[in-house]
Amino acid sequence: MARIMLDKSKRGWWESAVFYQIYPKSFQDTDGDGIGDLQGIISRLDYLEYLGIDGIWLSPVCASPQVDNGYDISDFRAIDPMFGSMEDMETLISEAGKRGISIILDLTLNHSSDRHFWFQEALKSRDNPYHDYYVWRDGDGVTPPNGMRATFGGSCWTWVPHLGQYYFHQFAVEQPDMNWDNPNLRRELYDMMRFWIGKGIGGFRLDVIDQIAKEPDLEITGNGPRLHEFLQELSREVLKEEGIVTVGEAWGANVERAKLYSAPDGSELSMVFQFQHIGLDQEPGKDKWDMIPLHLPALKQCLRHWQQGLNGTGWNSLFMNNHDLPRVVSRWGNDGQYRVESAKMLATMLHGMQGTPYIFQGEELGMTNIRLELDQYKDVEIHNMYAERTAMGYDHDTVMNSIWARGRDNARTPMQWTSGWHAGFTTGTPWLPVNPNCVEINAEAALDDPYSVFYYYKRLIELRKTVPVIRFGSFELVDPDSEQVFAYTRDSADQHLLVVCNFTGEEIAWDIPAEYQEAEILLTNYEPTPGILKPYEAMMLLINE
Ligand code: GLC
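Everything numeric in this text was worked out from a predicted model, so none of it was measured.

## Notes on the pattern of salt bridges
Any two side chains of opposite charge can pair, so long as their charged atoms come close to each other. Across all of its chains, the model carries 34 salt bridges by this definition. Here Glu388 makes a salt bridge to Arg149, at a shortest N to O gap of 3.1 Å. Highlighted residues: Glu388 in helix α11 (residues 380-391) and Arg149 in the loop between β6 (136-138) and β7 (157-160), separated in sequence by 239 residues. Of the residues examined, Arg149 reaches a relative accessible area of 56% and is grouped as exposed. Of the charged contacts in the structure, one is a salt bridge between Glu462 and Arg459, with a shortest N-O distance of 3.4 Å. Of this pair, Glu462 and Arg459 both sit in helix α15 (residues 453-466), 3 residues apart, roughly one helical turn. Given the relative accessible area of 29%, Arg459 is considered partly exposed. A single network of salt bridges, built from pairs that share partners, joins Asp68, Lys288, Asp324, Asp379, Glu381, Arg408 and Arg412.

This is the structure we're talking about:
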């Protein structure tokens, strides 16, 4: 089937789009330094075009000391030399554009690197014009203003003796939070975003955007009182351009807030990443390292709430993977015997829904988690968490088990292109080890196998563009209490879709509802057998009226 190109000049084009996230450090290296680069991405655009995606969410490539792999930006208008030059970026934007692929730039508007010029100036004195671009509180160097804890461990407050002040950081010490109450800061950020729009990018992924309006004195991080006011200003000043797509990362989003964020009038953003479904397999009130098994009915109820809640009043993003999450096939599927079947099943579950799907690099190959020794991990979060938890009395094995299951480096191992040396990722030494299973799981092998996970994703992308009910139909669960099967329908006036997913590694008895007995099979990962669902079996059935 010929590739379907979207008209991106109008707002809303993303409702038919599928995006693909690239973590540049791990995608494709071309200069042998073991780190992926922009030329590497350019060299793989044909692969992405063949897959059929419409946009690339590019994790940060701006200049950065790389304390948090580029989420600590020291110059928002420069490309980090590790990834290439501004010219490479311009080539990437235009070469991708020729293939119908937009570049969506990842920006951290909540914080900068401590190496950023603004912060370096801010450190000079209390009356430096940039001082107020950051969040400061007076103190004594002994007792921080309050007990707030940073996401990567330790206090949110770092003492600067020569100023007699603490600065606030929600993440690493090297990622000072910016002060959005300062209108000059906001203006500079908007200018910088316009600079990128001028370069031809298609939109932005806005890092932890629900945390920009923090109020540290009230111990508020997410959803601060001025949040929506700031986003509406951002939209008016920068985003109102037709066709600019924005996705905000919002860990604290619920359906009501998401209606504001993704209001169809474009007054804020296009959509947000919400994480309610992602948090279902951790102990309530604790963090992601405290794991519990996924209870399937809870996942179904959660996704139904979002599907029904935003239908007609907002827009969902659809994802199970990103650079901060473990590989979903290892998490909710089976990365051993049923790796291929369960990867396809999970994709079916997600890609039958309303919203804009995001595929994380390697997800289309069914890439899995990795197990490394502690000193092989690079992620600042893993190391800080290890130190903190062992100090709290957890033993080494317990902490390693949670790193193997939940650590962010699971997603960050190099892309597996071939079965050869370092999976075809680099000719040098990869910055993070390649998963040894690249011998079996790699793009070259997937492209040679018509039953691969790759071709299944390619088909799902085509279906979103050709079967309107996938984009616009209403959503209802079938058999909501089943602990084994995730089934749902999507309905519009003239089309009806049934999606069925066996979430277990068992063969189970399950009857297709009578009205779908004669339906067209759009997609399945097995040859269907009446009355039975095989391990991780999935199917999509369509009725046209
Ligand atoms: C977001 C990013 C994550 C980063 C953090 C701080 O959660 O996705 O990778 O570490 O923000 O910028």
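## Overview of the domain arrangement of the chain
Considered domain by domain, the chain is made up of domain 1 (13-112 + 182-372 + 436-460) and domain 2 (470-544). When each unit is reduced to the centre of its C-alpha atoms, the spacing between domain 1 and domain 2 is 28 Å. Taken residue by residue, the interface counts 32 residues in domain 1 and 35 residues in domain 2. Summed over both partners, the interface of domain 1 with domain 2 comes to about 2,700 Å²; 66% of that surface belongs to carbon and sulfur atoms. There are 0 salt bridges connecting domain 1 and domain 2. At the junction of domain 1 with domain 2, the criterion picks out 12 residue pairs in polar contact (both at pLDDT 80 or more). Looking at the side of domain 1 that touches domain 2, the elements that each hand over two or more residues are α8 (296-310), α10 (339-351) and α15. It is α8 that provides the largest number of residues to the side of domain 1 that touches domain 2, a total of 9 residues. Among the residues making up the side of domain 1 that touches domain 2, the classes are represented as 13 nonpolar, 13 polar and 6 charged.

## With respect to the site of the ligand
Lining the immediate surroundings of the ligand are 14 residues, of which Asp68, His111, Asp207, His323 and Asp324 lie closest. In the model, an oxygen atom of the ligand is placed 2.9 Å from a nitrogen or oxygen of the His111 side chain. Between Glu249 and the ligand, the recorded distance is 2.9 Å, taken from a side-chain N or O atom to an oxygen atom. Its residues assigned to classes, the shell around the ligand shows 4 nonpolar, 3 polar and 7 charged.

## What to know about the pairing of strand β2 (residues 55-58)
The side-chain alternation of β2 yields two buried faces, one formed by Gly55 and Trp57 and the other by Ile56 and Leu58. Relative to β2, strand β1 (residues 19-22) runs parallel, the two being bridged by 4 bridges. Note on β2: the bridge partner recorded for Gln21 is Trp57. The pairing of β2 with strand β5 (residues 102-107) spans 4 bridges and is parallel. Bridging from a neighbouring strand, Gly55 pairs with Ser102 of β5.

## Quick look at α11
Residues that lie three or four places apart on an α-helix share one face, since the helix turns once every 3.6 residues. Helix length check: α11 (12 residues) gives 17 Å between terminal C-alpha atoms against 16 Å at 1.5 Å per residue, within 8%. Within α11, the full set of buried residues consists of Val380, Glu381, Ile382, Met385, Tyr386 and Arg389. Elements that come into contact with the buried residues of α11 comprise α12 (396-406) and α13 (409-412). One side-chain oxygen of the residue at the start of α11 lies 3.1 Å from the amide nitrogen of Glu381, identifying that residue as Asp379. The positive-phi residue at the C-terminal boundary of α11 is Gly393, with phi of around 110°.

## Observations regarding the side chain of Asn369
With respect to the secondary-structure elements, Asn369 resides in the loop between β13 (356-360) and α11. For Asn369, a relative accessible area of 15% puts it in the buried group. At 2.8 Å, the side chain of Asn369 forms a polar contact with the backbone nitrogen of Arg327. Among residues more than four places away in sequence, those in contact with Asn369 are Pro326, Arg327, Ser330, Trp404, Ala405, Asn410 and Asn435.

## Side note on the nonpolar core
If you look at the biggest cluster of nonpolar residues, it comprises 155 residues, and the most contacted ones within it are Met89, Phe204 and Phe486. With 8 residues, the single largest contributor to this core is α15. Per-domain counts for this core show at least three residues from each of domain 1 (13-112 + 182-372 + 436-460) and domain 2 (470-544).

## Focus: the sheet that holds β2
Reading across the sheet, the 8 strands line up as β11-β10-β9-β5-β2-β1-β13-β12 and stay open at both edges, with parallel pairing between neighbours. Each edge of the sheet is formed by a strand with only one pairing partner; in this case those strands are β11 (271-273) and β12 (317-318). As paired strands, strand β10 (residues 245-249) and β11 are joined by 3 bridges and run parallel to one another. Of the residues in β11, the one forming a bridge with Gly248 is Val272. Against the sheet, helix α5 (residues 183-198) engages β5 and β9 (203-206), with an angle of about 135° to β9.

## Quick notes on the sheet that holds strand β14 (residues 474-478)
Pairing is antiparallel in the open sheet, where 5 strands are placed in the order β14-β15-β16-β20-β18. Every other strand in the sheet has two partners, leaving β14 and β18 (520-524) as the edge strands with one partner each. On average, each strand axis in the sheet is inclined to that of its neighbour by 20°, with strand direction left out of account. As defined by bridge partners, β18 adjoins strand β20 (residues 538-544) across 4 bridges and the pair is classed as antiparallel. Paired with Ile521 across the bridge in β20 is Leu541. Strands β14 and β15 (485-491) of the sheet are contacted by α8, whose axis makes an angle of about 165° with β14.

## What about the packing of aromatic side chains?
Inspection of the entire model under this criterion finds 34 aromatic pairs. Clustering of aromatic rings is evident, with ring pairs tying together Trp13, Trp14, Phe19, Trp57, Trp251, Phe273, Phe275, Phe319 and Tyr358. Sitting above the plane of the Trp431 ring, Lys25 keeps its charged end 4.2 Å from the centroid. In this structure, Arg44 is placed above the aromatic ring of Trp417, and the distance from its NZ or CZ to the ring centre is 3.8 Å.

Conventions and cut-offs
Residues numbered from 1 in each chain as written. Predicted model: local features only at pLDDT ≥ 70, side-chain atom pairs only at ≥ 80, totals over all residues. Heavy atoms only, no water. Salt bridge = Lys/Arg side-chain N within 4 Å of Asp/Glu carboxyl O. Helix = DSSP H or I, 4+ residues; strand = E, 2+ residues; numbered from the N terminus. Buried < 20%, exposed > 50% of the residue type's maximum accessible area, 1.4 Å probe, protein only. Domains from an automatic or database assignment. Contact = heavy atoms within 4.5 Å. Buried area = accessible area lost by both parts, 1.4 Å probe. Polar contact = N/O pair within 3.5 Å; in protein donor to acceptor, adjacent residues only side chain to side chain. Nonpolar A, V, L, I, M, F, W, Y, C, P; charged D, E, K, R; others polar. Near = heavy atom within 4 Å. Pairing = 2+ DSSP bridges. Expected span 1.5 Å × (residues − 1). Core = buried A, V, L, I, M, F, W, Y, C linked by side-chain atoms within 4.5 Å. Axes fitted to C-alpha atoms, helices over the stretch in contact; angles between N-to-C directions. Phe/Tyr/Trp six-rings, centres within 6.5 Å; stacked < 30°, edge-to-face > 60°. Lys NZ or Arg CZ within 6 Å of the ring centre and 35° of its normal.

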